Amino acid sequence: MTKARKVSLVLEDGTRFEGKSFGYDQSVAGEVVFYTAMTGYPESLTDPSYTGQILVSTYPMIGNYGVPTDLQKEGIHAHYESHKVHISGLIISDYSSEYSHWNAMKSLGDWLKEWQVPGLYDIDTRALTKILRVKGSMLGKIEFEDEPIELYDPNKENLVALASIKEKEVYGNGEHKVVLVDCGVKNNIIRCLLDRNATVIRVPWDYDFSNEDYDGIFISNGPGDPARCETTVANIQKAMRTDKPIMGICLGNQLLARAAGAETYKLKFGHRSHNQPVLLTGTDRCFITSQNHGYAISQETLPEDWEALFVNVNDKTNEGIRHKTKPFFSTQFHPEASSGPVDTEYLFDEFIQNIVEFKQKAQ
Ligand SMILES: NC(=O)CC[C@H](N)C(=O)O
C-alpha cells in the first residue's frame, strides 16, 4: 500500500489546511471561493462560470448521490450544465465515497479523476469560509508536498474565451430565433429557451452576429472579470441599435450594463448559494434565487435611460437591470436555476413575450 502523498490547501495569506485527496493527485492554483448550496454539486462542477476557481462547499457531506449519467438530449448533456467539469479544484469536509441515486453512474471521486481535477476532504470548510468572508475571496492552491506550484490569478485572463464554444451551433426549430452569445453558458438556459418555442443559435463570445437572422438576443453567464469581454460588449452595443429584445444572465447582466455605459466591480467574497433574496424594484415582491457571481454592477453608474430591476435584500447590491423604454433586461441571479430555486424562471416567459410583441409591432 503506497503511502498517501501529503496535500494541503494553501491560501495567499499563508493559511494552510491539510487534507486528504479523493480526486486527481496533481497540484493546482486558482481563486478560492465558497458556496453554501446544500445540493447540486454535479451542476455546479459543470458550470463554466467556475473556470479557474477552487470551490469550497460549506455543506459538510458531499458525494452521497454520486454523479448522474452523461446522457445527451437535444444535443446537450441532460444532467450537467456543460460537457465537462470546469472547476479547478474541490474542497469539502466529509466525502461520501459510497453513493446511492436512481440516476448515479459513478462516484464523485472517480469523476474528478476522469477530468483531472483535484479534490480534498477532511478540511474544516466552515473555518475556511469564515476566513474568506473576513478577508475576501483569495488566491490559493491545492499543493501536494512533492509538487510545489506558484499562485495564479485566473481573473487576469479572458476566461470566457476558454469556456465559450468555438463554432456556431443551432438547437431546436422553434418559431422564435434567439442568438445565444455563449460566454460559458449553462445548459439549462438552452433548455429553458427550447421549452419556449425557440430556435437557439449559439455563437462564440466574440462572434459578430449582426448579420444573423434573429428575433432576440440572449447573453449568457460565464467566468471571470466582465471587463475582459470588450468584444462581446461591442457586439451587444451594435445589437442594441436594432431595438430587438435582449435578455442576459449573470455575466450577461454585467456585459449588458457595460454595453449601456455602466461600470462593474469585484465583490469581497461574492454570492454563491441557493438562498439569495432579491427585491423586484418598485414592489414588495421578494424572490429567493440561485446565485454564483463575484462581480457586480455599480448601480450608480447606470445611464439615465436604464434602471435597477432587482436589488439584493441582504447587501443592496444590484441583481438586475432594465432599459426604461426598450425590451432590454438582465438579471445577476440565475432564473434557470440548475441547481436551486426555480421561482424566477418566469423571466424567460417575459423575454419571449418581448419577442412576440416586437414581431407584432414590426408587421
Ligand atoms: N455565473 C456568472 O456568470 C459569473 C459572472 C462573473 N464571472 C462573476 O463572477 O461575477
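Residue indices begin from 1 for each chain and proceed along its sequence in written order. Where local features are concerned, this predicted model is filtered to residues with pLDDT of at least 70; where side-chain atom pairs are given and counted, the filter is 80 or more; whole-chain, interface and lining totals use all residues. Side-chain metrics rest on all non-hydrogen atoms present in the structure, leaving aside hydrogens and water.

Going by this rule: UniProt positions are given in the numbering used here, feature names are shortened, and annotations may be inferred rather than shown by experiment.
The chain has the name Carbamoyl phosphate synthase small chain in an unreviewed UniProt entry, where Sunxiuqinia elliptica is given as its organism. Regarding the chain, the UniProt comment filed under Sequence similarities (unreviewed entry) reads as follows: "Belongs to the CarA family." Per UniProt, the comment on the chain under Subunit (unreviewed entry) is "Composed of two chains; the small (or glutamine) chain promotes the hydrolysis of glutamine to ammonia, which is used by the large (or ammonia) chain to synthesize carbamoyl phosphate. Tetramer of heterodimers (alpha,beta)4."

Points about the UniProt feature "binding site: L-glutamine" (unreviewed entry) in the chain
Put simply, the rule is: Grid points spaced at 1 Å over the protein atoms alone were grouped into cavities, where a 1.4 Å probe fits but cannot get out, and pockets, open sets with protein on both sides within 12 Å along at least five of seven lines, with lining residues defined by an atom within 4 Å of a point. In DSSP terms, a helix is any run of H or I states spanning at least four residues, a strand is any run of E spanning at least two, and both are numbered starting from the N terminus. The contact criterion used throughout is that any non-hydrogen atoms of two residues lie within 4.5 Å. Three labels apply to residues, based on accessible area from a 1.4 Å probe with only protein chains included: buried if under 20% of the type maximum, exposed if over 50%, partly exposed otherwise in between.
As annotated in UniProt, the feature "binding site: L-glutamine" (unreviewed entry) corresponds to Ser-49, Gly-222, Gly-224, Leu-251, Gln-254, Asn-292, Gly-294 and Tyr-295 in the numbering used here. Spatial clustering of the annotated residues is evident: they stretch over 247 residues in sequence, but the largest pairwise C-alpha distance comes to 13.3 Å. Lining residues of the largest cavity, restricted to the annotated ones just named, are Ser-49, Gly-222, Gly-224, Leu-251, Gln-254, Asn-292, Gly-294 and Tyr-295. Tracing the chain through its elements places Leu-251 in helix 7 (residues 251–260). Leu-251 has contacts with Val-160, Cys-183, Ser-220, Asn-221, Gly-222, Pro-223, Gly-224, Pro-226 and Cys-229, leaving out every residue within four places of it along the chain. For Gln-254, the location among the structural elements is in helix 7. Under the relative-accessibility criterion, Gln-254 is labelled buried at 3%.

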